[in-house]
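Inside the fold
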Amino acid sequence: MRKSLLVLLSVLIVPGVSEAKLKKSMKKECLVCHENWLLEAKVKSPKLLTTESFTAANRLMCLSCHDGSMADDRLTFLGFKHFSHPVDKKVPEDFKMPKGFPLLNGKLYCGTCHTPHTKTGSEKKLDYTFMREPNVNSALCMKCHKENAEHGMNHPILKDTKDKLKVEYALEIEKLGGKITKNREVQCESCHSPHRGRAKKSLIEPVDRSQLCAVCHIENVNSKEHPNFRNHPIHKKFPKGAEISVFKEKKAITSSVECMTCHKVHKEKNKHLLVAEEKKLCILCHIQEKAVLRTKHNVDGNSCKTCHVAHKAKGRRLWSRSIPEDAFDYAALIEAKGQTDILCLSCHYPGHIVDGKEIETVGTLTHPTGKELKEKIKLKLPLPGKRLACTTCHDPHHSFDNNPKGKFLRAPRLKLCYTCHREEADVKNGPHGEIDKKRWKRGDCAACHNVHKAKGGYLSRVVYGETSPMEPPVDGFCLACHDPEGMAKHKIKQSVFNEHPVGVKNPTDKLPGKKVSCATCHDPHTHKEILLRIPVKGNSELCITCHTDENLKGTSHDLLNNPDVKLTRKQREELIKFGNCSACHTPHNPKFKVLWNRKPGKGETIGEKLCFSCHAKGKLAEKKTIGKFTHPMGREVTEKNLSMIENSRLPLINQMTGHPAKKGEIGIMDCATCHDPHNGADRKRLTRYTVEGDSALCTACHTTEGRVVGTDHDMRVVKKNFKNALGEEVLKDGVCSACHVPHRAKDKLLWATDVKNITDNKMANYCLTCHSKGGVGSKKIVKYYYHPHSDVVVRNFDRPGRSGDWPIFTKDGKQVHVGGEITCETCHDPHVWSKWTTKAPGRPVEGNALNSFLRNKDLKGSICVDCHGLDALYRYKLFHTDKVHHKKPSYR
Amino acid sequence: MRKFAIAIIFLIATSLGALSGEIKGNWKFPSDIAVSNGKLYVVDGLNNRIAVYDLYGQHLTDIKLDSPFGIAAKDGLLYVTSQKGKLYVLDETGDIEKTFSLKGRPIDVAKLKDRLFITDGKTESLDIYDLNGKIIKSVGGKGSAPGNFVGIFMADSSKKLVFVVDSVNARIQEFDKDGNYVNSFGVFGIEEGDLFRPKSVAYCGNGTVAVSDAITGAVQLFDIYGGFEKVLAKGLYYPTAVACYKGEVFVLEPLKNRVLTFKIQGVK
């Protein structure tokens, strides 16, 4: 195309004719463009096709070659009405046109810039676009628009852009119709195309959506199409209240925030070609942040620039400050996990000194960030990434009250706390609501807490001791006041006995904390009675939340519901108030071990001391004492019998703790071996195993005696409605109860029946009480039961050939090896029907030599043989007949 | 006042010659038109389309093409050039049957017998191709001598001749089917029978050729020997492409986005 233009010129113009030498000519070569000259000559002709005078620079004249014939510049032509360099426009009077750029009737026209006639007249030096002067490096543009090219006040061009324009941007500019200099520098025509502009000011791309700027400055853009949080966002609406008039005055883009909202391209004195001074620009839109100028965050008067930069920021929120390693370390130390926290910490880290002063930090214990809120909050607080951050409470630009010396809080301190900690706001109504009237307002969190620089857990303002060693730390917090020297000295630990344990694993998820602490049971912020999280009133719900298997409901120890317990009005009221566990226990200031709430009773074992608090004469359960004769406990129980207990899985009791002895601990038999005072298998008797039926509790240890079940000595077999002397029914109180009771027994053998004095031997009397006239075993009366003993000393020592089981007893019923008497129990074991069968008959049956509760099936090696020799068998077999009972001794 | 208004209307009517009708469209500096089988094709190249109308001005459809510029309608086919160096052969529904690559900067196309005559702005020549797109010869070149061109532009054909606009030389040149120069006509000037900046030529049958002139705003009729017949219309605003169809001349005013129609014999 360019060559064709040159050809045209070679045809049209006479080489060597410069514009200055031009004269009107009627040569065809001239008239081809100067139709007006032709018209002047023919004006009187009646056959004129047109009377319209076309100068050489008339647009249509130009178009007549540029409509696709010599060149296709239709778009240029169309641009005259749209985004081309203006023509037909009057030049302002104060605008001084440079020499050699003519106007037509005072207006710009094509010929102002273009002419086919060059100054030099040399075809080779012609600008292909017929420019009046070569527009190399926008030299022609700058003839008129000199001010738009001045260094420092305009977008950099030419040498200011040398080596700065990336190749890909240069290619993009050219693709859009812009031009780059030979040295790959920006020039006027890089952005402006005088005839092929696609936007106002003949720009090759519009700027109303920052399209043109983004071509080269894409790294400085943050838009939907090119998101980059390191740059100020564009395509955004102006915020409410923004001082748009300032932008309008500067003819900046105000339909939305764009590059050319803040920046100008030409004739701007401000640095970075900003439409306002850098210090004042931001706050034109960010009016709410204007107050920062009066705060200490306006460091060295740097305004917003102190922390922010509009482009290529170092962090989120257009952060301008570099973030030192120390700040990252500090963030890790205090577990600052809020999305934007590191920005704040980029200044507020330990050891950071500005102007000789160390910048304030948040200490090592500070309010957590990075947490999600569980519930929606009423107050609109920012949650970067939907999580708490420093900026949730703090607005780094100003305090809520615009106090320049404020703490940059978004709302009054208490309001802020209560916004999230709504439940804790109840503290106003509770005893912790007024810690110190003089210093704190009612309900002020700061009375106990420091949001930053806390001294202990739970952001405590005070701790027990200089640094709290307590675990969990909340206890140190509580004890700081609940101490003899503390504010709450009227509510302190005074007992020598241990209080409710803390620091142990919290067994429930219904109460807070992994470990039990004061705050597990207590909510220091509530107004509820004794600050408990769960009420104890009545059934001690709080206690049984953890102590689930110690629920007293339905047991005889549920004193409020046990009709047998006669409580005074005061006792009842207190029990209702503090819960039924409080009858025995208190978590604080106990009177004895196991958090005992009562004056301990007299006794040898810890169980006795505890139980006798009530189960003693004159006490609450005086009707339920253990009596004179009771099951042996403590040291009365032999080692052998202790092993029986261990085998029974009933616990031995650690006398130091009062609790069942753990593995490796020393324990003894105590009340709690058989009883579980809180419930147990038998909720009425509070026994660990049942006694009803087969007396599982007794036979757990007394396994041999347990074989009585199903024998004739099981009263359920022979007399179902049997009651012992204490009125206990065998069907309800177990098989053992027919003869024995553990407490309040008739004698040491825990006998439950009044024993008849039939003989002078107690052991025999036990048997004969039943097996005598009027006794329950009257069908099996033993008339001949007596073995003489007055003139012989029976010995039960081992000897060669001794075999069998032949115990002898004193008159008092004590088993001995020498001097004892042969009584019923020497031959009979009343609990074992037959040693040689495993199954009891389960019904009344007639016995024989292999059962009948006999201890031995023959006399071999027996004490009988010791005296009677071969005669022994005869006498043994007929022992209960008159055949062997004579006054004359029959032994040898 | 009324008399003045009537006088104005009369003047406009006479200046426009035998104005019979107009077809308007929303185009962007269209470059050429063609009329065939009752359809008007307007080459709206800057919108990458050929807009198709019936002769009542009803828009029928658009044929999408990349930057079309010149058009010729012959034998039920459309021949379309693109200054990007392409020639498209389409049926009248717009389906492309063939696409050729052409040399230079093709402007317009005329078909004579089995040959396609392409005006080439780059070399100011008339390039002759066969129907398969193979170039046969190229005639002309830059210059003002007979057979040469300065500002070669639109072309049309009769049964024997190809008429080519030589715009800056202000003449119409005629070639035979082999590309041999036959004749040229046109006197430089602005009076009736003169040409100042001819833009398009159309053979209207019966030895009559219509020529538009963008600067004088006239459409004039000549015989094929160059004899001036009459001014068909004048006072037009930058008329460019012309096309003849059944005794009517269609004239494109690209800057007014309209096509005017004129009856050759008397007023329609």
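This write-up is about the structure you can find in this document. The shown structure was predicted, so the numbers you read here are calculated from the model rather than taken from an experiment.

Another point: the overall build of chain B. If you tally the helices and strands in chain B, you get one helix and 26 strands. Its C-alpha atoms give chain B a radius of gyration of 18 Å, near enough to 18 Å, the size a compact globule of 268 residues would have. With respect to the three principal axes, the spread of C-alpha positions in chain B is 65 × 40 × 30 Å. Considering chain B as a whole, with its 268 residues, one finds that 59% of them fall into the buried category. Contacts spanning at least 24 positions in sequence make up 41% of the contacts within chain B whose residues lie at least 6 apart. Taken together, the 33 basic and 30 acidic charged side chains of chain B have centroids lying 2 Å from each other.

With that settled, the discussion passes to the overall build of chain A. Along chain A, the regular secondary structure elements total 31 helices and six strands. A compact globule built from 892 residues would reach a C-alpha radius of gyration of about 29 Å, whereas chain A, at 56 Å, exceeds it by more than 25%. Seen through its C-alpha atoms, chain A measures out along the principal axes to roughly 190 × 65 × 50 Å. A total of 892 residues make up chain A; the buried ones form 41% of that total. Nonlocal contacts in chain A, meaning residues at least 24 apart in sequence, comprise 45% of its contacts between residues at least 6 apart. In the form shown here, chain A has an accessible surface area of approximately 52600 Å², with 55% of it arising from carbon and sulfur atoms. The distance from the centre of the 152 positive side-chain charges to the centre of the 102 negative ones in chain A is 3 Å.

What follows covers the environment of K407 of chain A. As for its position among the elements, K407 of chain A is in the loop between α16 (390-393) and α17 (413-420). As for K407 of chain A and C33 of chain A, which are separated by 374 residues in sequence, their C-alpha atoms are 78 Å apart.

With that out of the way, let us pick up α17 of chain A. If you check which residues of α17 of chain A are buried, you get L416, C417, Y418 and T419 of chain A. Here the buried face of α17 of chain A lies against α16 of chain A.

If you roll a probe as big as a water molecule over the atoms, it shows you where there is empty space left. Residue and element names in this part refer to chain B. Estimates place the volume of the second largest pocket at around 560 Å³. Together, 32 residues line the second largest pocket, and A73, K74, D156, Y203 and C244 are the ones closest to its centre. Of all the secondary structure elements, the ones that give two or more residues to the lining of the second largest pocket are β2 (32-36), β6 (68-74), β10 (106-112), β14 (152-157), β20 (198-205) and β24 (242-245). Along the lines of polarity and charge, the residues of the lining of the second largest pocket split into 17 nonpolar, eight polar and seven charged.

Listed per partner, the contact involves 38 residues of chain B and 34 residues of chain A. Counting the surface lost from both chain B and chain A, the interface buries some 3200 Å², and carbon and sulfur atoms represent 67% of this. It is F29, I190 and I215 of chain B that lose the most area in chain B upon contact with chain A, and together they represent 21% of the buried surface on that side. At the boundary of chain B and chain A, one finds two salt bridges. Of the charged contacts, one joins D67 of chain A and K199 of chain B as a salt bridge, the two residues approaching to 3.0 Å between their closest N and O atoms. Counting the contacts that link chain B with chain A gives 19 residue pairs in polar contact (both at pLDDT 80 or more). Residues belonging to the side of chain B that touches chain A are distributed by class as follows: 18 nonpolar, 10 polar and 10 charged.

Per the stated rule, a full pass over the model turns up one disulfide over all chains. Between the sulfur atoms of C204 of chain B and its disulfide partner C244 of chain B the distance amounts to 1.7 Å. With a gap of 40 residues between them, C204 of chain B in strand β20 and C244 of chain B in strand β24 connect regions that are remote in the sequence. C581 of chain A provides the cysteine sulfur closest to C543 of chain A, a residue in no disulfide bond, and the two sulfurs are 4.1 Å apart. Classification of C543 of chain A by relative accessible area gives partly exposed; the value is 28%. Between C701 of chain A, a free cysteine, and C674 of chain A, which holds the nearest cysteine sulfur, the sulfur-to-sulfur gap is 6.5 Å. Since its relative accessible area comes to 11%, C701 of chain A is described here as buried.

The subject of this paragraph is the pairing of strand β13 (residues 135-140) of chain B. As paired elements, strand β12 (residues 125-130) of chain B and β13 of chain B share five bridges and run antiparallel to each other. Bridging from a neighbouring strand, L126 of chain B pairs with V139 of chain B of β13 of chain B.

All names here are of chain B. One open sheet accounts for four strands, arranged β2-β3-β4-β5; its pairing is antiparallel. Strands with a single pairing partner mark the edges of an open sheet, and in this sheet they are β2 and β5 (59-64). Pairs of neighbouring strands in the sheet enclose a mean axial angle of 20°, with direction left out of account. Where strand β4 (residues 49-54) lies against β5, five bridges are found, and the strand directions are antiparallel. When the bridges of β5 are listed, R49 appears paired with K64.

This part takes up the nonpolar core. V164, I172 and V211 of chain B are the most contacted members of the largest nonpolar core, which totals 57 residues. Secondary-structure elements contributing two or more residues to this core are α3 (35-42) and α4 (59-66) of chain A together with β10, β12, β14, β15 (162-166), β16 (171-175) and β21 (208-213) of chain B. Those residues in contact with I172 of chain B that lie beyond four places of it in its chain are F163, V164, V165, N183, S184, F185, L195, P198, V201 and V211 of chain B.

Okay, the pattern of salt bridges next. Evaluation of the coordinates by the stated rule reveals 48 salt bridges over all chains. Counted as one network, the salt bridges with shared partners bring together K166, E219 and K312 of chain A.

This part is about helix α8 (residues 167-175) of chain A. Note that an α-helix has 3.6 residues per turn; residues three or four places apart therefore point the same way. Residues and elements named next belong to chain A. Every buried residue of α8 is accounted for by Y169, A170 and I173. Here the buried residues of α8 occupy an arc of 100° about the axis, which is enough to place them on one side. Looking at α8, the residues exposed on the side facing more than 90 degrees away from the buried face are L171 and K175. Where α8 terminates, the next one or two residues include G177, which has phi positive at roughly 100°.

Below, the discussion takes up unusual backbone geometry. Residues and elements named next belong to chain A. Notably, S210 is not glycine yet its phi reads approximately 60°, a positive angle. By the element assignment, S210 lies in the loop between α9 (188-191) and α10 (211-216). Classification of S210 by relative accessible area gives buried; the value is 1%. Despite not being glycine, E335 has its phi angle at roughly 55°, a positive value. The topology assignment puts E335 in the loop between α14 (325-333) and α15 (341-345). By relative accessible area, which is 52% here, E335 ends up exposed.

Attention now goes to the environment of V167 of chain A. Following the sequence through the fold, V167 of chain A ends up in helix α8. As for V167 of chain A and R184 of chain A, which are separated by 17 residues in sequence, their C-alpha atoms are 8.1 Å apart.

On the surface, K624, K684, K723, K732 and R744 of chain A cluster together into a patch of positive charge. One can find K723 of chain A in the loop between α26 (715-718) and α27 (730-733).

Before going further, it helps to spend a moment on the sheet that holds β15 of chain B. All names here are of chain B. Ordered in space as β14-β15-β16-β17, the four strands form an open sheet in which the pairing is antiparallel. The open sheet has two edge strands with one neighbour each: β14 and β17 (181-185). Within the sheet, the average angular offset between the axes of one strand and its neighbour, ignoring direction, is 25°. Summarising the sheet, β16 and β17 pair through four bridges and their orientation is antiparallel. The residue bridging Q173 from the neighbouring strand is S184, located in β17.

A grouping of V793, F797 and V818 of chain A is seen on the molecular surface, where their side chains present a nonpolar patch of about 250 Å² in accessible area. Relative to the assigned elements, V793 of chain A resides in the loop between α28 (762-770) and β3 (794-795).

Turning next to empty space enclosed by the protein. Residue and element names in this part refer to chain A. Following the criterion strictly, the structure yields two cavities of 30 Å³ or more and no others. When its volume is computed, the largest cavity comes out at roughly 90 Å³. Lining of the largest cavity is provided by T759, D760, N761, A764, Y785, Y786, H787, H789, E821, I822, T823 and C824. By residue class, the composition of the lining of the largest cavity is five nonpolar, five polar and two charged. When its volume is computed, the second largest cavity comes out at roughly 30 Å³.

This next bit is on the side chain of D32 of chain B. Secondary-structure assignment places D32 of chain B in strand β2. For the buried D32 of chain B, which has no salt bridge, the nearest side chain bearing the opposite charge is R74 of chain A, at an N-O separation of 10 Å. Reaching out from D32 of chain B, the side chain makes a polar contact with the backbone nitrogen of I71 of chain B at a distance of 2.8 Å.

What counts as what
All residue numbers refer to position in the chain's written sequence, counted from 1. Each chain takes a letter, starting from A, and each ligand takes a number, starting from 1, following the order in which they are written. A pLDDT threshold of at least 70 governs which residues receive local features in this predicted model, and a stricter bar of 80 or more applies before side-chain atom pairs are shown or counted, although totals over entire chains, interfaces and linings include all residues. Side-chain calculation: all heavy atoms of the structure are included, whereas hydrogens and water are not. Here a helix means four or more residues in a row that DSSP labels H or I, a strand means two or more in a row labelled E, and each is numbered from the N terminus. C-alpha atoms define the radius of gyration in this analysis, and the globule rule sets the expected value at 2.2 Å times the number of residues to the power 0.38. Using a 1.4 Å probe on the protein chains alone, a residue whose accessible area is under 20% of its type maximum counts as buried, one over 50% counts as exposed, and one in between counts as partly exposed. Contacts are assigned to residue pairs that have any heavy atoms within 4.5 Å of one another. His is not counted here, nor are the chain ends, while Lys and Arg score as positive and Asp and Glu score as negative. The location of each charge is read from NZ of Lys, CZ of Arg, CG of Asp or CD of Glu. Surface accessibility follows the Shrake-Rupley procedure with a 1.4 Å probe radius. Residue values consider only the protein chains on display as shielding. Here a cavity means grid points, on a 1 Å grid over the protein atoms only, where a 1.4 Å probe fits yet cannot get out; a pocket means an open set of points with protein on both sides within 12 Å along at least five of seven lines; lining residues are those with an atom within 4 Å of a point. Grid points are joined across faces, edges and corners, and a volume is the space filled by probe spheres set on the points. Put simply, Ala, Val, Leu, Ile, Met, Phe, Trp, Tyr, Cys and Pro go in the nonpolar bin, Asp, Glu, Lys and Arg in the charged bin, and everything else, Gly too, in the polar bin. Defined in terms of a 1.4 Å probe, buried area is the accessible area two parts forfeit on being brought together, summed over both. Any carboxyl oxygen of Asp or Glu that lies within 4 Å of a side-chain nitrogen of Lys or Arg is treated as forming a salt bridge with it. By the criterion applied in these results, polar contacts are pairs of N or O atoms within 3.5 Å in which, for protein atoms, one can donate a hydrogen and the other can accept it, and in which residues neighboring in sequence qualify only through two side-chain atoms. We call a pair of cysteine sulfur atoms a disulfide whenever their separation is within 2.5 Å. A pair of strands is treated as paired once DSSP finds two or more bridges between them. For every element, the axis is a line fit to its C-alpha atoms; helices are fit only across the contacting stretch, and the angle between N-to-C directions ranges from 0 to 180 degrees. Residues enter a nonpolar core if they are buried and are Ala, Val, Leu, Ile, Met, Phe, Trp, Tyr or Cys, with the set joined through side-chain atoms within 4.5 Å. Directions drawn from the helix axis to the C-beta atoms are what define this arc. Note on patches: the residues involved have over 30% relative accessible area and no salt bridge, like charges join within 9 Å, and the nonpolar side chains Val, Leu, Ile, Met, Phe, Trp and Tyr join within 5 Å.

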